[in-house]
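The residues making up each chain are set out below.
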Amino acid sequence: MPDQQFVDLFRDTEHLTWAPTDQVRERGRRRTRRTRIAATLAGAVAVALVATGAVALAGGREGAPTPVLPATGSPTPTPSSSSTPSAKPSTPSTPSTPPSSPSTTSSQPTKGPANPAIPLEALLRAADLPSGFRAAEDDLEGEWSFGYVASFACADTPDLSVKERAERRAEFRKPGASSIIERVERYSIEDAKATIAWARTVTQCEPGDEQYSLKIVDSGFAGDGSLLIRIDGPGSVEYMLFVRQGDLVAEIRMSDRTDEAEARRVAQRAADRLCAGTNAC
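Every chain begins its residue count from 1, and numbering advances along the sequence as written. With pLDDT at 70 or above as the cut-off, local features in this predicted model cover only qualifying residues; side-chain atom pairs require 80 or more to be listed or tallied, and sums for whole chains, interfaces and linings still use all residues. Heavy atoms throughout the structure, all of them, feed into the side-chain values; hydrogens and water do not.

Enquirer: Hey, could you run me through the overall build of the protein in this one?
Expert: Broken down by element type, the protein carries five helices and seven strands. Numbering of helices and strands runs from the N terminus; a helix is a DSSP stretch of H or I covering at least four residues, while a strand is a stretch of E covering at least two. Walking the protein from its N terminus toward its C terminus, one meets helices and strands in the order α-α-β-α-β-β-α-β-β-β-β-α. With 281 residues in all, the protein has 27% of them scored as buried. Contact between two residues is taken to exist if any of their heavy atoms lie within 4.5 Å; hydrogens are not considered. The long-range fraction of contacts in the protein, counting pairs at least 24 apart against all pairs at least 6 apart in sequence, stands at 64%. Values of accessible area rely on a 1.4 Å probe in the Shrake-Rupley scheme; residue burial ignores everything except the protein chains shown. Just so you have it, the protein exposes about 19800 Å², and 54% of that area is on carbon and sulfur atoms. The cut-offs for exposure are 20% and 50% of the maximum accessible area for each residue type, with area from a 1.4 Å probe on protein chains only; residues under the lower value are buried, those over the upper are exposed, and the others partly exposed.

Following this line, the structure appears as structure tokens:
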């Protein structure tokens, strides 16, 4: 008895018209070519996708699409154009590097001499003094300052608390007469003014030794500030001069046998000489 599957197959194909063998072979070849082309295209697409992914990875995370988070509740409203923009970071008020020093060739005038040292030209010369005085060749000895002399006339001499920056001295002598001594000191402008004020205060001290007395004879007659102080001692009269030009102060002790007119002339010459050591003139 024939197998039922062959009976069914014979029935289904009994009236079919079969294509010639050549046509069947040609259709097979075409199908094979389409399969190969499809496979080639699929491979090219896969390579392009891989290359695109590599470029995205090389570009960093910025190239990756932003993941969309699932919504939780009502959507966040888009901020309106009137919203306040975020503040920019403030610029530090102090620069991180120190400012450069001004050029030495600047045309701007300086506030004072760069070197605090006092030049020799800022001191008196023998030609500035009464006739007969010559510069002393040996070093100055002994204490002669106004503060020291005033300690005999005052019960309590006020201290001068300012600090000098430089000092230079000169001494002149005349045969048969006492010497003329000058000390030029550099201070700050305020301390230079304070020195003149201190000398004025000393003359107002409580009397000490009755044989000595201090008296301001004149003031403000030379330079930026000046005092002419008379010192009366046992059988002698001396004069102490203070002359200020800018930050320089000249303190000059003149011996007896000197009158007030000569003292004023020396004070004026001292003021002129001080201009060689300060730009305040």
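Enquirer: Explain the pairing of strand 6 (residues 236–245) here, please?
Expert: Side chains on a regular strand alternate between the two faces of the sheet. For strand 6, a buried count of eight out of 10 residues is recorded, marking the element as mostly surrounded by other parts of the structure. In this analysis, strands are considered paired if DSSP registers two or more bridges between them. Pairing of strand 5 (residues 225–233) with strand 6 involves nine bridges; the strand directions are antiparallel. Looking across to strand 6, one finds that I231 is bridged to E238. In this structure, the hairpin formed by strand 5 and strand 6 is closed by a connection of two residues, where G235 is found at a positive phi of approximately 70 degrees. Inspection of the sheet shows strand 6 paired to strand 7 (residues 248–254) by seven bridges, in the antiparallel sense. Across the sheet, residue R244 finds its bridge partner in strand 7, namely V249.

Enquirer: How should I be thinking about the layout of surface pockets in this particular structure?
Expert: In this analysis, the protein atoms alone were mapped onto a 1 Å grid. Cavities are point sets where a 1.4 Å probe fits without being able to get out; pockets are open sets with protein on both sides within 12 Å along at least five of seven lines; lining residues have an atom within 4 Å of a point. Grid points are joined across faces, edges and corners, and a volume is the space filled by probe spheres set on the points. Computed from the structure, the second largest pocket encloses a volume of approximately 150 Å³. At the level of elements, helix 3 (146–153), strand 5 and strand 6 are the ones that each hand at least two residues to the lining of the second largest pocket. Three classes are used: nonpolar for Ala, Val, Leu, Ile, Met, Phe, Trp, Tyr, Cys and Pro, charged for Asp, Glu, Lys and Arg, and polar for all others, with Gly counted as polar. Looking at the lining of the second largest pocket residue by residue, the class counts come to six nonpolar, two polar and three charged.

Enquirer: Even after reading the chapter, I still don't get the packing of aromatic side chains, so can you show me in this structure?
Expert: How two aromatic rings sit relative to each other is given by the distance of their centres and the angle of their planes. Ring geometry is summarised as follows: Phe, Tyr and Trp rings, the Trp one being its six-membered ring, pair when their centres sit within 6.5 Å, and such pairs are stacked at plane angles under 30 degrees, edge-to-face over 60 and tilted between the two. On inspection of all chains with the given rule, the structure shows four aromatic pairs. Taken together, a centroid distance of 5.4 Å and an interplanar angle of 85 degrees make the contact between Y148 and F152 edge-to-face. Of this pair, Y148 and F152 both sit in helix 3, four residues apart, which is roughly one turn of that helix. Residue classification places Y148 among the partly exposed residues on the basis of a relative accessible area of 38%. For F152, a relative accessible area of 34% corresponds to the partly exposed category. Taking the centre distance of 5.5 Å and the plane angle of 35 degrees together, the rings of F152 and Y212 count as tilted. On the criterion of sequence distance, the pair formed by F152 in helix 3 and Y212 in the loop between helix 4 (189–202) and strand 4 (213–219) is long-range, its members being 60 residues apart.

Enquirer: Teacher, can you tell me more about the sheet that holds strand 5 here?
Expert: Paired through backbone hydrogen bonds, the strands of a sheet run either parallel or antiparallel to each other. The strand order 1-2-3-7-6-5-4 describes an open sheet built from seven strands, whose pairing is antiparallel. Where the open sheet ends on each side, the last strands, each with one partner, are strand 1 (134–135) and strand 4. Sheet analysis places strand 2 (residues 166–174) next to strand 3 (residues 177–186), joined by eight bridges and oriented antiparallel. Bridging across to strand 3, K174 finds its partner in A177. Across the face of the sheet, helix 4 comes into contact with strand 4, strand 5, strand 6 and strand 7 while running at roughly 155 degrees to strand 6. Note on geometry: axes are lines fitted to C-alpha atoms, helical ones only across the stretch in contact, with angles between N-to-C directions running from 0 to 180 degrees. Against the sheet, helix 5 (residues 260–274) makes contact with strand 3, strand 4, strand 5, strand 6 and strand 7, and its axis sits at roughly 25 degrees relative to strand 6, the strand it touches most.

Enquirer: Got a minute to help me understand helix 5 in this structure?
Expert: Working note: α-helix, 3.6 residues per turn, so residues spaced by three or four point in the same direction. End to end, helix 5 covers 21 Å across 15 residues, agreeing with the expected 21 Å (1.5 Å per residue, within 8%). For helix 5, the complete set of buried residues consists of A263, V266, A267, A270, A271, R273 and L274. Buried residues along helix 5 cover an arc of 160 degrees about the axis, so they all sit on one side. Where the residues of helix 5 are buried, they touch strand 3, strand 5, strand 6 and strand 7. Expected span of a helix: the number of residues minus one, times 1.5 Å. In this description, the arc belongs to the directions extending from the helix axis to the C-beta atoms.

Structural measurements only, silent on function.
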